[in-house]
Amino acid sequence: MDKIVILTGAGLSAESGLGTFRDEGGLWAQHRIEDVATPEGFARDPALVHRFYNARRAQAQEAQPNAAHEALARLQSDFDGEVILVTQNVDGLHEKAGSKTIHMHGELARALCSTCEHRWDADLEMDGDTRCPACGQTTARPDVVWFGEIPYHMDEIADHLATCTLFAAIGTSGQVYPAAGFVQEAQYAGAETVELNLNATDISRAFATHHIGPASQIVPEWVDSLLA
Ligand code: APR
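Residue positions are given per chain, counting from 1 as you read along its sequence in written order. Where local features are concerned, this predicted model is filtered to residues with pLDDT of at least 70; where side-chain atom pairs are given and counted, the filter is 80 or more; whole-chain, interface and lining totals use all residues. Values reported for side chains reflect all heavy atoms of the structure, with hydrogen atoms and water molecules removed beforehand.

## Examining the site of the ligand
Thinking step 1. Residues in close proximity to the ligand total 24 residues, the closest being Phe21, Arg22, Thr172, Ser173 and Asn197.
Thinking step 2. Counting of polar contacts relies on pairs of N or O atoms within 3.5 Å, with two restrictions inside protein: one atom must be capable of donating a hydrogen and the other of accepting it, and residues adjacent in sequence are counted only when both atoms are side-chain atoms. Contacts to the ligand include Asn197, whose side-chain N or O atom sits 2.7 Å from an oxygen atom.
Thinking step 3. By residue class, the composition of the shell around the ligand is nine nonpolar, twelve polar and three charged.
Thinking step 4. Residue ranges assigned to the domains are those given by an automatic or database domain assignment. Taken domain by domain, the shell around the ligand gets at least three of its residues from each of domain 1 (1-18 + 65-105 + 151-228) and domain 2 (19-62 + 108-144). Consider each residue's heavy atoms; a residue with any of them within 4 Å of a molecule or strand counts as near. Under the scheme applied, nonpolar residues are Ala, Val, Leu, Ile, Met, Phe, Trp, Tyr, Cys and Pro; charged residues are Asp, Glu, Lys and Arg; polar residues are all the others, including Gly.

## With respect to the sheet that holds strand E3 (residues 101-103)
Thinking step 1. A pair of strands is labelled paired if DSSP reports no fewer than 2 bridges between them. Numbering of helices and strands runs from the N terminus; a helix is a DSSP stretch of H or I covering at least four residues, while a strand is a stretch of E covering at least two. Spatially, E3-E2-E1-E7-E8-E9 is the arrangement adopted by the six strands of the open sheet, whose pairing is parallel. Each of the sheet's edge strands pairs with one partner strand only, and the pair in question is E3 and strand E9 (209-212). In this sheet, adjacent strand axes meet at a mean angle of 20° when their direction is disregarded.
Thinking step 2. Sheet analysis places strand E8 (residues 192-197) next to E9, joined by four bridges and oriented parallel. Directly across from Glu195, in E9, lies its bridge partner His210. Fitted lines through C-alpha atoms serve as axes, helices being fitted only where they are in contact, and the angles separating the N-to-C directions of these axes extend from 0 to 180 degrees.

## Remarks on the domain arrangement of the protein
Thinking step 1. Once the domains are mapped, the protein shows domain 1 (1-18 + 65-105 + 151-228) and domain 2 (19-62 + 108-144).
Thinking step 2. For this analysis, residues touch if any pair of their heavy atoms sits within 4.5 Å. With 13 residues of domain 1 at the contact, the number on the domain 2 side is 14 residues.
Thinking step 3. The term buried area refers to how much accessible surface (probe radius 1.4 Å) is lost by two components on association, counted for both of them together. Summed over both sides, the interface of domain 1 with domain 2 buries roughly 1,000 Å², with 54% coming from carbon and sulfur.
Thinking step 4. When the buried surface of domain 1 facing domain 2 is broken down by residue, Leu18, Val90 and Tyr152 rank first, second and third, together holding 49% of it.
Thinking step 5. When a carboxyl oxygen of Asp or Glu is within 4 Å of a side-chain nitrogen of Lys or Arg, the pair counts as a salt bridge. Summed over the shared surface of domain 1 and domain 2, the number is zero salt bridges.
Thinking step 6. The tally of links between domain 1 and domain 2 comes to five residue pairs in polar contact (both at pLDDT 80 or more).
Thinking step 7. Here the residues of the side of domain 1 that touches domain 2 are counted per class, giving six nonpolar, five polar and two charged.

## A word on the packing of helix H5 (residues 67-78) against helix H9 (residues 215-227)
Thinking step 1. Contact geometry of H5 with H9 gives a least axis separation of 7 Å together with a crossing angle of 15°. Relative to H9, the element H5 lies roughly parallel. The way H5 lies across H9 gives a crossing that is left-handed. Taken together, the residues of H9 that come into contact with H5 (itself represented by Ala67, Ala68, Ala71, Leu72, Arg74, Leu75 and Asp78) are Ala215, Ser216, Val219, Pro220, Trp222, Val223, Asp224, Leu226 and Leu227.
Thinking step 2. Looking at the contact of H5 with H9 residue by residue, the classes come out as twelve nonpolar, one polar and three charged. Small angles under 35 degrees read as roughly parallel and large ones over 145 as roughly antiparallel, with 65 to 115 read as roughly perpendicular and the rest as oblique. Crossing handedness follows the turn of the near helix against the far one: under a right angle anticlockwise gives a left-handed crossing, and clockwise gives a right-handed one.

## Some thoughts on the nonpolar core
Thinking step 1. If you look at the biggest cluster of nonpolar residues, it comprises 20 residues, and the most contacted ones within it are Ile6, Leu72, Val219 and Trp222.
Thinking step 2. When residues of this core are traced back to their parent elements, those giving at least two are strand E1 (3-8), H5, strand E2 (82-87), strand E7 (166-170), E8 and H9.
Thinking step 3. No other element matches H9, which puts five residues into this core.
Thinking step 4. Leaving out residues up to four positions away in the same chain, Val219 has contacts with Leu12, Ala68, Ala71, Leu72, Ile170 and Leu196.
Thinking step 5. Here, the term nonpolar core denotes a set of buried Ala, Val, Leu, Ile, Met, Phe, Trp, Tyr and Cys residues that are joined through side-chain atoms within 4.5 Å. Relative accessible area decides the class of each residue, using a 1.4 Å probe on protein chains only: under 20% of the type maximum gives buried, over 50% gives exposed, and in between gives partly exposed. The next biggest cluster of nonpolar side chains, apart from the first, holds 19 residues, and it includes Leu161, Cys164, Ala169 and Ala186.

## Considerations on the pattern of salt bridges
Pairing between side chains of opposite charge can happen when their charged atoms approach one another.
Thinking step 1. For the structure on display, the rule yields eight salt bridges.
Thinking step 2. The partner of Glu82 in a salt bridge is Lys3, with the nearest N and O atoms 3.9 Å apart. Of the two residues, Glu82 sits in strand E2 while Lys3 sits in strand E1, which places them 79 residues apart along the sequence.
Thinking step 3. The salt bridge involving Arg119 is made with Asp143; its shortest N-O contact spans 2.9 Å. Taken together, the residues Arg119 in strand E5 (residues 119-121) and Asp143 in strand E6 (residues 140-144) connect sequence positions 24 residues apart.
Thinking step 4. Look at Asp143 and you get buried, because its relative accessible area is 4%.
Thinking step 5. Salt bridges sharing common partners tie together Arg32, Glu34, Asp35 and Arg44.

Below, the structure is given as structure tokens:
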């Protein structure tokens, strides 16, 4: 039975109005990573980090899935085989489109207690007074994986990469590991590899096939070719 593993990045949500990280004017051009996406930054100024994620959470809540998200949900429901969707994105647009998703970098919609590690559905706005519903401490943080932290579900993802027949990376710059190394793992397993992106990336040469263009156009076309 064919098994497709798909890795998505911020480029998938760009046409839904959510900023990418490394494109012109992207999030990392507006904020220093060390201030808003590291445990040290959170320890230094939790209010700043909460403000950053509150703004992204509000934006993500308003955003709608685009044709690329919808096409991937259709692939998951109609493909005669297994389709595993792994995302680096913390927005909930894959879920809004009906996909089952592995969030390796966590989710804006979830909160984590730094004291007892309890997780719960985050309020739209979090701040330094947000109490953990389990232990009552005011040590809540966004349940998002920061630089220097270990991404989630890595064992499960490794198993999928070792047994897939096709690996696709969509809308990711391939600049952040371990996600950028998934194509090698899939290749070792003998899988076909395809990259779908607006431009060439640092890891394009690792893929056998490439589709270039906006995700809302090339992803539905790619899904149609798989379901034909
Ligand atoms: N259609 C397809 N691809 C697009 C589009 C589009 N409309 N717009 C942008 N892209 C591509 C860009 O060419 C780029 O390759 O999306 C990619 C966005 O790259 P990044 O901004 O680096 O986002 P991503 O690869 O998801 O970043 C990975 O880095 O900062 C951390 O945790 C953060 O999950 C993030 C990780």
